[in-house]
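# Descriptive structure summary
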Amino acid sequence: MATVSELYESRVRAGQLEPDPAQRGVLPAMDRVVRDLSSAPAAAPAKSGWLSRLIGSAPSAAPAPKGLYLWGGVGRGKSMLMDLIMDAAPMPQKRRVHFHEFMQEIQAGLNAARQRGEQDAVRPVAKKVAAETRLLCFDEMQITDIADAMIVGRLFQILLEEGVTIVTTSNRVPEDLYKNGLNRQLFLPFIALIRERMEVVELASATDHRQDRAEGGQVWFAPADAMATAQMNKLWREETGGVPPTPLVLEIKGRKVEIPQRVGRIARASFWDLCGKPLGPADYLAVAEAVDLLFIDGVPRLSQSNYNEAKRFVTLIDALYEAKVRLIASGADDPERLYAEGEGAFEFERTASRLREMRDADWGKS
Ligand SMILES: Nc1ncnc2c1ncn2[C@@H]1O[C@H](COP(=O)(O)OP(=O)(O)OP(=O)(O)O)[C@@H](O)[C@H]1O
Ligand SMILES: [Mg+2]
């Protein structure tokens, strides 16, 4: 089995990756995780087994190998490196999952556990994940709402107790997670837990690897004026072959989400259709799954004054990016300048970086 370093260097030799000194600098920490996992005993003994009942208080299982918290700026290669850990880890019980998707799954599990009347709903849900997973790669830890903030600490605690090694990426140093969040003091033990059970490593690369890629045809039109609409209309006709659109209605958790125009797996909506209503990650994941190409008209300038809409737009783009949906959009300005300042501007850097990558010639579901 190749190490992460070996996988990285072979991709450099094959011309798939540009050599990046900062990326090379974090490879030893990644090799360490895979090495520890390879030499750790295969499964933690079940603490509730007959043997432990016999002995009374059985010594707890050896703790899982220390995980990794890889953080840094956008487009530095964190997700790419995490994929290399996934490839290099020798055991089958490994799983890579995106934060939003994972929290959806956890929420669904919590609802079911509460309906069964479980007191501590997080425990059975975490145990179920742990039973199937020794390495959990958790891309893009970002905690912006209080519900996630309250669940995630408990969830990690139990996963770690159950012997799961967690590798995660983030744009922020742990101390800045859920920064300025409501009741943040309740969140601080989680930061301490990360520091204790994960090696925190910064990927301080000088290069945003999303920047130097070949751009495809124009897919972002700014400003969103009559000219932009005319160009969007022209592309829409070309892509749909002039077939008259019908609404796309998605059923999500008993609610209906409507996209006004759809032809096959191509859909079109205004910014306000998508982000002006109280939709959440589950809705955007469903949209991303239902389409291959999405037209969005009229993304406005974003700021503190339309903070909720902006936050939804960030979630929408994350979902589209993960699902490799192509995007054609018109906006008040270029993505880099859409969210100029104020709270939320930091999160938007990732969105702008992704919007840039989504203009690439070879972007899209293949
Ligand atoms: N050394 C490299 N050479 C060439 N391309 C690279 C290199 N590192 C990363 N990339 C590419 O650059 C893009 C951005 O990388 P990646 O998605 O891993 O960044 P990230 O740090 O996870 O960004 P974000 O914080 O936005 O999630 C990807 O398409 C990735 O394949
Ligand atoms: Mg990433």
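Every value quoted in this text rests on a predicted model; they were computed, and no experiment measured them. (Residues numbered from 1 in each chain as written. Chains lettered and ligands numbered in written order. Predicted model: local features only at pLDDT ≥ 70, side-chain atom pairs only at ≥ 80, totals over all residues. Heavy atoms only, no water.)

## With respect to the sheet that holds strand β2 (residues 94–98)
What counts here: Strand pairing is defined by DSSP finding a minimum of two bridges between the two strands. A run of H or I in DSSP counts as a helix once it spans at least four residues, and a run of E counts as a strand once it spans at least two, with each numbered from the N terminus. Only the contacting stretch of a helix is used when fitting its axis, a line to C-alpha atoms as for every element, and angles between N-to-C directions run 0 to 180 degrees.
Spatial ordering of the open sheet is given by β2-β3-β4-β1-β5, a layout of 5 strands whose pairing is parallel. Both outer strands of the open sheet, β2 and β5 (198–202), are each paired with one neighbouring strand and no more. Between one strand axis and the next, the sheet turns through 15 degrees on average, direction left out of account. Bridge analysis of β2 against strand β3 (residues 135–139) gives 5 bridges, and the strand direction is parallel. The partner of His 98 across the bridge, within β3, is Asp 139.

## A look at the side chain of Thr 168
For clarity, the cut-off: When accessible area is computed with a 1.4 Å probe and restricted to protein chains, residues below 20% of their type maximum are described as buried, those above 50% as exposed, and intermediate ones as partly exposed. Between two residues, a contact is recorded if the distance between any of their heavy atoms is within 4.5 Å.
Residue position: Thr 168 is located in strand β4 (residues 165–170). On the basis of relative accessibility, which here comes to 0%, the residue Thr 168 falls in the buried class. Non-local contacts of Thr 168, meaning those with residues more than four positions away in its chain, are made with Leu 68, Tyr 69, Leu 70, Met 82, Phe 138, Met 141 and Met 198.

## Quick look at the packing of aromatic side chains
Geometry of an aromatic ring pair is reported as the spacing of the ring centres plus the angle between the planes. How we decide: Each Phe, Tyr or Trp ring, with Trp reduced to its six-membered ring, pairs with another whose centre is within 6.5 Å; inter-plane angles below 30 degrees give stacked pairs, above 60 give edge-to-face pairs, and intermediate values give tilted ones. Charge over a ring is defined by NZ of Lys or CZ of Arg lying within 6 Å of the ring centre and within 35 degrees of the ring normal.
On inspection of all chains with the given rule, the structure shows 12 aromatic pairs. Ring centres of Phe 156 and Phe 190 lie 5.1 Å apart, and the angle between their planes is 90 degrees; this geometry places the pair in the edge-to-face category. Placement of the pair is Phe 156 in helix α7 (residues 146–161) and Phe 190 in helix α8 (residues 188–197), with a sequence separation of 34 residues. You'll find Phe 156 and Phe 190 in the same group, each marked buried. Each residue in the set Phe 99, Phe 102, Phe 138, Phe 156, Tyr 178, Phe 187 and Phe 190 is aromatic and connected to the rest through ring pairs, giving one cluster. If you follow Arg 354 out to its NZ or CZ, it ends over the ring of Tyr 321, 4.2 Å from the centre.

## Points about the sheet that holds strand β8 (residues 255–263)
Spatially, 6 strands are ordered β6-β11-β10-β9-β8-β7 in an open sheet, and the strand pairing comes out mixed. The strands lining the two open edges of the sheet, one partner per strand, are β6 (220–221) and β7 (246–252). The pairing of strand β9 (residues 266–270) with strand β10 (residues 293–299) spans 5 bridges and is parallel. When the sheet's bridge partners are listed, Ser 270 is paired in β10 with Asp 297. With respect to the sheet, helix α9 (residues 226–240) is in contact with β6, β8, β9, β10 and β11 (326–331), its orientation differing from that of β9 by roughly 160 degrees.

## A look at the pairing of β7
Pairing geometry for β7 and β8, over 6 bridges, is antiparallel. Note that in β8 the partner of Val 249 across the bridge is Glu 258. In textbook terms, the turn of a hairpin is the stretch between consecutive antiparallel strands, and for β7 and β8 this stretch comprises 2 residues, one of which, Lys 253, has a positive phi near 50 degrees.

## Here's the deal with the side chain of Ser 205
What counts, and what does not: Counted as a polar contact is a pair of N or O atoms within 3.5 Å, where, for protein atoms, one must be capable of donating a hydrogen and the other of accepting one, and residues adjacent in sequence contribute only when both atoms are in side chains.
Residue placement: Ser 205 occurs in the loop between β5 and β6. Accessibility expressed as a relative area gives 8% for Ser 205, which makes it buried. Side chain to side chain, Ser 205 and Asp 20 meet in a polar contact 2.7 Å long. If we ignore the near neighbours within four places in the chain, the residues touching Ser 205 are Asp 20, Ala 22 and Arg 76.

## What to know about the site of ligand 1
Put simply, the rule reads: Note on definitions. A residue lies near a molecule or strand when any single heavy atom of the residue is within 4 Å of it. Only the protein chains shown count as cover for residues, and the accessible areas themselves come from Shrake-Rupley with a 1.4 Å probe. Each residue gets one label: Ala, Val, Leu, Ile, Met, Phe, Trp, Tyr, Cys and Pro are nonpolar, Asp, Glu, Lys and Arg are charged, and the others, such as Gly, are polar.
Taken together, 20 residues lie around ligand 1, and Glu 18, Lys 78, Asn 171, Arg 354 and Glu 357 are the ones closest in. The contact in question runs from an oxygen atom of ligand 1 to an N or O atom on the side chain of Lys 78, over 2.7 Å. Asn 171 is positioned with one of its side-chain polar atoms (N or O) 2.8 Å from an oxygen atom of ligand 1. Protein coverage of the free-state accessible area of ligand 1, which is 630 Å², stands at 89%. Of the residues belonging to the shell around ligand 1, the class tally is 4 nonpolar, 7 polar and 9 charged.

## As for the domain arrangement of the protein
Spelled out, the test is: The split of the chain into domains comes from an automatic or database domain assignment. Buried area is calculated as the accessible area (1.4 Å probe) missing from two parts once they are joined, with the contributions of both summed.
Splitting the protein by domain gives domain 1 (4–202) and domain 2 (220–357). On the domain 2 side, the residues contacting the 13 residues of domain 1 number 14 residues. Of the roughly 1,200 Å² buried at the junction of domain 1 and domain 2 (both faces included), carbon and sulfur atoms supply 51%. Interface area lost by domain 1 to domain 2 is led by Val 74, His 100 and Gln 104, which between them contribute 36%.

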